[in-house]
Each structure stands twice: as C-alpha cells, then as structure tokens.
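Analysis of the macromolecular model
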Amino acid sequence: MSSTPPYEAPRGTERACPSWRSEAVYRLLYNNLENAERPEDLVVYGGTGKAARSVEDLETIARALQTLADDETLLVQSGRAQATFPTHEDAPRVLIANSNLVPRWSTWEDFHDLEDQGLTMYGQMTAGSWCYIGTQGIIQGTYETMAAVGRRHFDGTLQGKTVLTGGLGGMGGAQPLAVEIAGGACLAVEAVEAHADERIDVGYCQHKTHDLEEAVSIVEDAAERGEATSVALIGNCAETHAELLDRGFEPDVVTDQTSAHDALAGYIPAGYTPEEADRLREEDPAKHEEAARASMVDHCQALVAFQDQGSVVFDYGNNLRGQAQDAGYDEAFAYPGFVKAYVRPMFCQGRGPFRWVALTGDEDDIAVTDDLVTDLFGEDETLTRWIEAAQERVPFEGLPARVCWLGFGQRETFAREINDRVRSGEIGPVAITRDHLDTGSVASPYRETEGMKDGSDAIADWPLLNALLNASAGADMVAIHNGGGVGIGLSTHAGMMVVADGTADADDRIANVFNADPGSGIVRHADAGYEDAEEIAESTDAFDRWG
Ligand code: NAD
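Reading the values: rules and limits
Residues numbered from 1 in each chain as written. Predicted model: local features only at pLDDT ≥ 70, side-chain atom pairs only at ≥ 80, totals over all residues. Heavy atoms only, no water. Helix = DSSP H or I, 4+ residues; strand = E, 2+ residues; numbered from the N terminus. Rg over C-alpha atoms; globule rule 2.2 N^0.38 Å. Buried < 20%, exposed > 50% of the residue type's maximum accessible area, 1.4 Å probe, protein only. Contact = heavy atoms within 4.5 Å. Areas by Shrake-Rupley, 256 points an atom, 1.4 Å probe, with all protein chains shown as cover. Lys, Arg positive; Asp, Glu negative; His and termini not counted. Charge placed at Lys NZ, Arg CZ, Asp CG, Glu CD. Near = heavy atom within 4 Å. Polar contact = N/O pair within 3.5 Å; in protein donor to acceptor, adjacent residues only side chain to side chain. Nonpolar A, V, L, I, M, F, W, Y, C, P; charged D, E, K, R; others polar. Phe/Tyr/Trp six-rings, centres within 6.5 Å; stacked < 30°, edge-to-face > 60°. Patch = residues over 30% accessible without salt bridge, like charges linked within 9 Å, V, L, I, M, F, W, Y side chains within 5 Å. Salt bridge = Lys/Arg side-chain N within 4 Å of Asp/Glu carboxyl O. Core = buried A, V, L, I, M, F, W, Y, C linked by side-chain atoms within 4.5 Å. Pairing = 2+ DSSP bridges.

When its secondary structure is counted, the chain shows 18 helices and 17 strands. For the chain, the C-alpha radius of gyration of 23 Å lies close to 24 Å, the compact-globule estimate for 547 residues. Principal-axis analysis of the C-alpha atoms gives the chain an extent of 70 × 55 × 45 Å. Within the chain, the proportion of its 547 residues that are buried is 57%. For the chain, contacts bridging at least 24 residues in sequence account for 69% of all contacts bridging at least 6. Split by element, the accessible area of the chain, about 21000 Å² in all, is 47% carbon and sulfur. A gap of 3 Å separates the mean positions of the 40 positive and 94 negative side-chain charges of the chain.

Here you go:
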C-alpha cells in the first residue's frame with residue numbers, strides 16, 4: 001500500500017496478509033487513513049487522533065501484518081509495531097495500547113513532552129484502534145440520543161416536535177439530520193455561515209435563514225403537519241435564545257453543541273462577528289475567554305428558562321453548564337447531561353454501538369446485512385427507522401460499513417448470522433467492531449460515567465477488565481486507550497474487533513466475545529446498583545455474576 005496520501009483501503013478478495021484475520025486489521029488501518037481528516041499527518045479525527053505514530057511506523061505495521069500468522073500476536077504500542085510473539089489461534093492477532101501514562105503523569109503537559117520525544121501518540125477512540133467509519137458513527141449516535149428522548153418523553157417519537165439547538169460543527173453538524181430521522185423539526189443556531197452551508201451541501205440540513213421569525217415558522221409549521229425538517233439560523237446562541245424566549249417560542253426539546261468546552265477556540269462571544277472574534281482571539285485571548293464565558297451564562301440561562309417553561313432540556317457533553325457555573329451562574333446544572341438521562345438506561349441493557357465493515361468493499365454485503373438486522377429485530381422501531389434512513393441519506397465513507405445500536409443477546413445473534421452468511425458465500429468477510437463509547441468499555445467521569453449511581457465514575461478497572469476479557473474470549477484486535485474525546489487523564493477506554501470469516505472457529509469466538517463484551521457492561525452497571533442491569537444479570541444464564 002501507499003505510504004503517502006491519498007491512502008486507500010484495499011478492496012477485493014485478494015489478500016496482502018496470510019489470513020482474513022490479519023487482512024482485516026490491515027484493511028481497517030488503511031480505511032482509517034482513507035477517511036482521515038488530515039492524512040498527511042496520519043490524523044484520523046478529533047483534532048490529533050492518529051492511526052500510526054509516523055509514516056515509518058505505518059510502513060512497519062503494514063509489513064508486520066503482512067507476515068502475521070494465525071498463531072501469532074502483534075503488539076502495537078502508541079502507533080508503533082513493537083514485536084510479534086508466538087501465541088495461539090484463539091488469541092488476538094493484534095493488541096494495541098495508545099496514549100496510556102502512569103496516572104501521576106497522565107496530564108497533557110507530560111503527554112506532549114513525551115510525544116515531542118517521539119515516545120507516544122494520541123489515539124483518540126477509534127483513530128488509533130483502526131475502527132473509524134467516518135461520520136456515520138456520530139450521526140447514528142446523535143440519532144440514538146434523539147430517539148431515546150422521543151421514547152422517554154413523547155410516546156416513542158419526535159414526530160410533531162420541535163428541537164432547538166446550537167452549533168453545526170464537526171459533530172454538531174449531525175444534529176439536524178439526526179433529529180429529522182427521529183421524526184422531528186430542528187432549529188439549529190450557528191454563528192459561522194460557512195459551517196451551516198457545509199451541512200446543507202451534504203444534505204444534513206434542509207434550510208438556511210438569517211431571519212429568526214422565518215426559522216421559527218419553518219419548524220413550527222412542519223411540526224404541526226407532523227413532518228420532519230431542519231433549518232440553520234445564522235446567529236449567536238447567546239443572543240438568539242433570549243429573543244426566541246421573548247417571542248414566545250416553545251420548543252419541545254432544547255440542547256446545544258457549540259464548542260463551549262473551549263472558551264477561546266470553540267465559542268464565539270455575543271456582540272462579535274466570527275471575524276471579529278478571530279481577531280480578538282489573536283490580540284487579547286484573555287478578553288476573548290472572558291467575553292465567551294459571559295455569553296455562555298446568557299446562553300445557559302436561556303436553556304434553564306426554556307426548561308422552566310416546559311421544554312425537555314439536556315446538556316450534550318460540551319460543558320456549557322460547567323463554564324456558566326465557573327462564570328458565576330449558580331443555576332447552571334438545573335438540567336441533566338445526555339449520558340445520564342438517555343444513554344445510561346441503554347447501557348444498562350447492554351445496548352450500544354455495534355458496527356460492521358464489508359472487508360472486500362462490496363456495498364451489496366451491507367445491503368444483505370441491513371436486511372438481516374431488520375429481519376431479526378424488526379420490532380425495534382428505532383433500529384428499522386435508522387437503517388432505512390441510513391440507506392437513503394448516509395453515504396458510505398471508505399469501506400462500506402454500518403452502525404446500529406444493539407443490546408445484550410442481540411449482538412451475539414446478529415454476529416453469528418453474519419458469519420453464517422459469510423460461510424454460505426452470500427457475502428464476503430466482515431469485520432465486526434464498535435466505538436469505545438459503549439456499556440462496558442469506558443470510564444470517563446465527565447462523560448460516559450458522569451454521576452454513576454454509586455459514585456464509581458472514576459473507577460477504571462472496568463474498561464481494563466473489558467479489554468482483558470475480550471482478549472480472553474477471542475477478539476481479533478483489542479485496544480486500551482487513555483484520553484479519547486475528553487483528553488489525557490480524563491478517560492480510560494477499550495476497543496475490539498472480531499472477524500467473521502465464515503469459519504466454525506469464528507462462530508466460537510463470536511459467541512464468546514459478543515456475550516462477554518456487552519455482558520461486562522451489564523455487570524458494571526449492576527455493580528453500580530442499576531436495577532435494569534441487575535435484572536438482566538440475574539435472569540441470564542450466559543454468565544454467572546458473583547458481585
Ligand atoms: P466544533 O468546534 O466543530 O463546532 C462548534 C460549532 O459551534 C462551530 O460551527 C461554531 O461556529 C459554533 N459556535 C461557536 N460559538 C457559537 C455561538 N455562540 N453561537 C452559535 N454557534 C456557535 O465542535 P463539534 O465537534 O461539533 O462539537 C461540539 C461540542 O459538542 C463539543 O464541545 C463537543 O465536545 C461536544 N460533543 C460531545 C459529545 C459527547 O459528549 N459524546 C458528542 C458530540 C459533541
């Protein structure tokens with residue numbers, strides 16, 4: 001493969017590696033680079049999340065995979081192939097550890113120091129564990145949250161409901177499409193017109209306006225007709241939201257994905273055009289931060305006022321509440337974070353982001369598996385609605401892939417069916433994987449494990465055990481990372497991948513891994529005292545719980 005951009009994942013049935021198990025890892029590595037934000041720096045996504053430490057390291061990893069036998073295991077340490085050891089056929093083919101530091105040294109300062117010495121790299125979540133599938137993951141995750149809001153508050157759907165949000169950037173840009181797929185009408189306020197234009201160009205947002213009244217009437221009219229739509233309103237949330245309140249707009253749901261976590265680079269203060277904010281950032285960063293935080297207080301106050309007037313309001317992991325509180329607004333935490341409110345109940349049932357990649361590059365393989373998953377779980381309306389919308393509106397990026405959230409039991413059933421189809425020759429080999437954001441695989445006190453019932457937010461034993469268990473159960477790749485989307489020292493998380501190559505041995509590995517992986521999440525949540533998880537743990541005979 002090329003060791004300079006543009007990178008491309010190999011397609012077809014001819015392999016560069018000894019088996020589909022080593023070939024799968026090889027193709028996923030190049031698929032990450034094919035989808036990379038900055039391939040010239042090997043950066044896949046999330047600012048600095050890399051696939052390999054350097055171009056030389058990429059070449060060495062590729063060479064190591066090309067000779068990796070099915071009774072050997074390759075060790076990859078922060079983007080560098082270190083050694084291949086003899087192991088056995090059911091052991092992982094590849095073990096990865098990225099960005100991990102001894103806790104006392106787990107700070108950005110120490111990390112950057114070590115990175116500058118060429119000793120480590122930032123792996124993000126799926127960047128350094130080679131399981132990134134492009135923007136489909138974030139669209140699906142956002143949809144899953146919006147669908148959960150519909151199920152919890154509005155008889156199962158957002159149809160006929162209006163959603164107000166802010167920010168149409170890298171991740172936030174998925175919101176209008178996600179709301180539409182969930183059936184709702186989305187009004188998204190974005191300060192930078194070019195960012196709104198990008199979302200409109202790719203079909204993630206339908207309309208754009210500078211006129212507040214027009215934006216409101218687009219979503220209200222659509223909601224009244226029960227139609228899904230989306231509109232980008234060009235403006236600043238710290239100003240528009242107060243005005244929307246004054247004019248009596250009553251959105252059913254309110255959230256936000258401006259980059260409020262970063263008062264300097266992520267949030268544009270009220271009273272400044274984006275260009276003026278750029279200048280202020282350069283000339284007087286402290287003033288920019290102060291102005292941004294003051295605006296965040298207004299923004300957050302508006303969200304609390306929407307909640308007071310009856311809207312469902314939740315924080316979308318951007319720390320708007322924390323910033324507003326630091327700037328003196330005591331009521332900032334009046335509304336909940338999205339994980340605690342909507343994602344954790346799914347985690348308690350072992351439900352999480354199951355994803356699969358057609359390794360030969362044949363799009364028909366995804367069509368077959370799309371049919372399979374909807375046949376198997378047709379009663380799950382959230383799932384069937386997603387698969388239909390994804391087929392219509394979410395283009396493949398790199399190797400054809402699909403993601404959908406599946407629960408404990410469902411994952412094993414579906415993965416085994418995929419392997420059956422590979423065996424019968426109906427489809428080519430498939431890599432089955434997931435995000436690190438999942439039920440048993442992450443400890444992240446500011447996000448996935450915020451506010452655990454028993455206070456165990458920062459306990460990182462669980463993702464480490466999850467990784468060890470997946471390796472013991474027969475996963476083909478297992479990864480342990482530090483940092484992810486929240487930063488060095490703030491999270492520990494694990495990834496995994498299993499190859500469905502149609503063999504009987506793969507049946508066994510799949511059965512064990514897709515029991516163990518979500519099962520460890522059930523156990524984690526049962527241990528924290530969540531009743532749903534306790535019930536599943538007690539009723540299943542798939543594992544024995546001692547805790
Ligand atoms: P981004 O920086 O790419 O986009 C932020 C957008 O907000 C930009 O388009 C910017 O122009 C706009 N913006 C900034 N200030 C504004 C203001 N005052 N009014 C209106 N628009 C404004 O960031 P992103 O990748 O889209 O992520 C957004 C935020 O959401 C981040 O803080 C991220 O951490 C958070 N997030 C968290 C999760 C999670 O917890 N899993 C998931 C998605 C996003």
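Surrounding the ligand, one finds 26 residues, the nearest of these being Gly172, Glu190, His195, Ser259 and His261. Separating an oxygen atom of the ligand from a backbone N or O atom of Met171 is a distance of 2.9 Å. Contacts to the ligand include Ala191, whose backbone N or O atom sits 3.2 Å from a nitrogen atom. Bound to the protein, the ligand loses 87% of the 870 Å² it would expose on its own. Partitioning the shell around the ligand into residue classes produces 10 nonpolar, 14 polar and 2 charged.

In this section: the packing of aromatic side chains. Taken as a whole and assessed by the stated rule, the structure comprises 16 aromatic pairs. Measuring from centroid to centroid gives 5.2 Å for Phe314 and Tyr342, while their planes differ by 70°, and the two rings are edge-to-face. Of this pair, Phe314 sits in the loop between strand S11 (312-313) and helix H11 (320-326) while Tyr342 sits in helix H12 (residues 338-347); the two residues are 28 residues apart in sequence, bridging distant segments of the chain. One exposure class covers both Phe314 and Tyr342, and it is buried. Where Tyr316 meets Phe338, the ring centres are 4.3 Å apart and the plane angle is 35°; that geometry is what we call tilted. Taken as a pair, Tyr316 in the loop between S11 and H11 and Phe338 in helix H12 lie far apart in primary sequence, 22 residues in all. No difference in accessibility class separates Tyr316 from Phe338, as the two residues are buried. Taken together through their ring pairs, the aromatic side chains of Phe314, Tyr316, Phe338 and Tyr342 make up a single cluster.

On the surface, Asp71, Glu89, Asp505 and Asp508 cluster together into a patch of negative charge. As for its placement among the helices and strands, Glu89 is situated in the loop between strand S4 (80-86) and strand S5 (94-98).

Before going further, it helps to examine the environment of Ala185. Assignment of secondary structure puts Ala185 in strand S7 (residues 185-190). Relative accessible area serves as the criterion here: at 0%, Ala185 is assigned to the buried category. As for Ala185 and Gly123, which are separated by 62 residues in sequence, their C-alpha atoms are 36 Å apart. Sequence-distant contacts of Ala185, that is, excluding residues within four places in its chain, are made with Lys161, Thr162, Val163, Val179, Val219, Ala222, Ala223, Glu227 and Thr229.

Counting residues in hydrophobic clusters, the biggest one holds 115 residues, and the most contacted among them are Leu65, Val94, Trp130, Trp356, Trp386, Ile418 and Ile432. The dominant element in this core, judged by the number of residues it contributes, is helix H1 (residues 20-34), at 8 residues. The residues touching Leu65, leaving out its near neighbours within four places in the chain, are Cys17, Pro18, Ser22, Val25, Tyr26, Leu29, Leu74 and Val94. Val219, Phe249, Ala260 and Ala324 belong to the second-largest nonpolar core, a separate cluster that totals 33 residues.

Attention shifts here to the pairing of strand S17 (residues 492-500). Burial within S17 is extensive, with 9 of its 9 residues counted as buried. The side-chain alternation of S17 yields two buried faces, one formed by Thr492, Ala494, Met496, Val498 and Ala500 and the other by His493, Gly495, Met497 and Val499. Judged from the 4 bridges that link them, strand S14 (residues 430-434) and S17 form a sheet pairing that is antiparallel. In the strand pairing of S17, Ile432 is matched with Val498. As paired elements, strand S16 (residues 477-482) and S17 share 6 bridges and run antiparallel to each other.

The alternating pattern of S5 places Val94, Ile96 and Asn98 on a buried face and Leu95 and Ala97 on a face that is not buried. Where strand S3 (residues 72-77) meets S5, 4 bridges bridge the pair, whose relative direction is parallel. Within S5, the residue paired with Val76 across the bridge is Ile96. Taken together, the 5 bridges between S5 and S16 define a ladder with parallel strand orientation. By the bridge assignment, Asn98 is partnered in S16 with His481.

Don't take any of this as a statement about function, it's just geometry.
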